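Now for the letters of each chain:
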Amino acid sequence: MAGWFGPFRLERRVGRGGLGAVWRAVDTRSGASVALKLLPAGSDPRSSERTLREFELLRQISHPNIVRLLDAGVRDGTPWLAMELIEGLGVREYLTIAGAPVPLEPEPGEEAHGSEGVDLDALYDEPDSGALLAAAKARRLMTLSGLDQEMELDEQTRTNAPRRLAALCDALAQICDGLSEIHAHGLIHRDVKPANILVTPAHRAVLVDFGLVKQLGEDSTTDAGRVVGTMRYMAPEQARGELVDARADLYSLGATLYELLAGRPPFPQEGQLQLMEAVMGEMPTDIPTINPGAPHGLCALAHRLLSKVPRTRPGSAREIAAVLRAIGRRMER
């Protein structure tokens, strides 16, 4: 046993970073296993009060594509939130088996795989610049100017398999449904990325980890000048610490779509300074340069979402969901 945090028995830490730590824990009040996120302690009481207000808004949301927030609070200056454990795979892993003949659903009479919940090690340890770049080097995609060489033919075949692309469109359209719901409640996620998208055995995509949720229109000074989020998937305006709206989440969705089509994030720079400069001022390599067989419609959508200018991105998550579903239907024919 790793210890205690209030009523939570901490079983093991499964993620850690500048944005807090995530523990697999048991809520002794109910006996339920939860994903407990502990955010950095803040010295400003107003910041903690604001965090609780935002979490309270999130608790009012019930949507199949949004992880349920079970409880939240502040203890000894540390904001925390307890989320449901989701059985499933990260979207990257899910798409590798989406075209396989073996279904994800368990056979009748068998227990679902991973009955204790999602592997939180995979969920919260986002392979930002390490694992993804190491894998890319192994595939001989690294060049002096970046990861912009064409995929090997066998990788193109796997990435562009119609069943995989249909599953990709379906999963991200569901995430758009979830984003539409939280945006309608005046909230933004601020950390949409592949590691925060799970797909259950019933093919339900769920957006998780709302530790950075924020109210729309809230003054950027409430973050005390800090840039929060995962830089590799972050909108330029978010990287600059500016006031952001729902279109920042749409940019991050575009970065996710780009990666799932190109096999690498839009900006693969390893150094934090170089990465920040690229996010704010450079355009990513065109997806067809890396994956010539990628569907034109999905490539165009990804690049629209990655626009540096928020007003030139698609207008809403609902609009993106419609495009994804239309493309997905064509892939299934």
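Thresholds, definitions, all that
- Positions within a chain are numbered from 1, following the residues in the order the chain's sequence is written.
- Totals for whole chains, interfaces and linings use all residues, but because this is a predicted model, local features are given only for residues with pLDDT of at least 70 and pairs of side-chain atoms are given and counted only at 80 or more.
- To get the side-chain values, all heavy atoms of the structure are used, and hydrogens and water are removed first.
- Each helix is a run of DSSP H or I of at least 4 residues and each strand a run of E of at least 2, with the numbering of both proceeding from the N terminus.
- Using a 1.4 Å probe on the protein chains alone, a residue whose accessible area is under 20% of its type maximum counts as buried, one over 50% counts as exposed, and one in between counts as partly exposed.
- By the convention used here, residues are in contact when the closest approach between their heavy atoms is within 4.5 Å.
- Shrake-Rupley sampling with a 1.4 Å probe provides the accessible areas, and residues are treated as covered by the protein chains on show and by no other component.
- What makes a salt bridge here is a side-chain nitrogen of Lys or Arg within 4 Å of a carboxyl oxygen of Asp or Glu, nothing more.
- A strand pair is defined by DSSP finding two or more bridges across the two strands.
- Helix span, as expected, comes to 1.5 Å for every residue beyond the first.
- What pLDDT expresses is the predictor's confidence in each residue, scored from 0 to 100.

Asker: Lay out the overall build of the protein in plain terms, naming residues and giving numbers.
Answerer: Within the protein one finds 12 helices and 11 strands. A buried classification covers 52% of the 333 residues belonging to the protein. Considering only residue pairs separated by 6 or more positions, the protein has 64% of its internal contacts joining residues 24 or more positions apart. Element-wise, carbon and sulfur atoms account for 51% of the exposed surface of the protein, whose accessible area totals about 14900 Å².

Asker: How would you summarise the pattern of salt bridges if you had to cite specific residues and measurements?
Answerer: Where charged atoms from two side chains of opposite charge approach closely, those side chains can pair. The tally for this structure, following the rule as stated, stands at 14 salt bridges. For Arg 59, the salt bridge goes to Glu 56, with nearest N and O atoms at 3.8 Å. Placement of both Arg 59 and Glu 56 in helix H1 (residues 45-59) is noted, with a separation of three residues, approximately one turn of the helix. Here Asp 154 ties to Arg 158 by a salt bridge, and the two come within 3.6 Å at their closest N and O atoms. Taken together, the positions of Asp 154 and Arg 158, both in helix H5 (residues 153-159) and four residues apart, correspond to about one turn of that helix.

Asker: Would you mind going over the pairing of strand E5 (residues 69-75) in detail, with residue names and values included?
Answerer: Sheet analysis places E5 next to strand E6 (residues 78-84), joined by six bridges and oriented antiparallel. Residue pairing for E6: Asp 71 is matched across the bridge by Ala 82.

Asker: Describe in detail the environment of Ala 82, supporting the description with residues and values.
Answerer: Mapped onto the elements of the fold, Ala 82 is located in strand E6. Each C-alpha atom, one on Ala 82 and one on Asp 71, is 5.2 Å from the other, the two residues being 11 residues apart in sequence. With sequence-adjacent residues up to four places away left out, Ala 82 is seen in contact with Phe 8, Val 34, Ala 35, Leu 36, Arg 68, Leu 69, Leu 70 and Asp 71.

Asker: Help me get a handle on unusual backbone geometry, residues and values and all.
Answerer: Of note, Arg 190 is a non-glycine position whose phi angle comes to about 75°, a positive value. Relative to the elements of secondary structure, Arg 190 occurs in the loop between strand E8 (187-188) and strand E9 (197-199). Given a relative accessible area of 9%, Arg 190 falls into the buried group. With a phi close to 70°, His 203 is a non-glycine residue in the positive phi region.

Asker: Requested: an account of helix H6 (residues 162-184), with residues and values cited.
Answerer: With 23 residues, H6 should reach 33 Å at 1.5 Å per residue; the first-to-last C-alpha distance of 33 Å fits that figure. Most of H6 sits out of view: 17 of its 23 residues are buried. One or two positions beyond H6, positive phi appears at Gly 186, with a value near 80°.

Asker: If you had to explain the confidence of the model for the protein to someone new, which residues and values would you point to?
Answerer: On average, residues of the protein score 82 in pLDDT, and 77% of them reach the 70 mark or higher. Considering each helix and strand of the protein separately, the mean pLDDT is smallest for helix H3 (residues 120-124), with a value of 40, and largest for helix H11 (residues 296-305), with 98. Here residues 106-146 is modelled with pLDDT under 50, and outside its nearest four sequence neighbours on either side it reaches 77 contacts, counting other chains as well.

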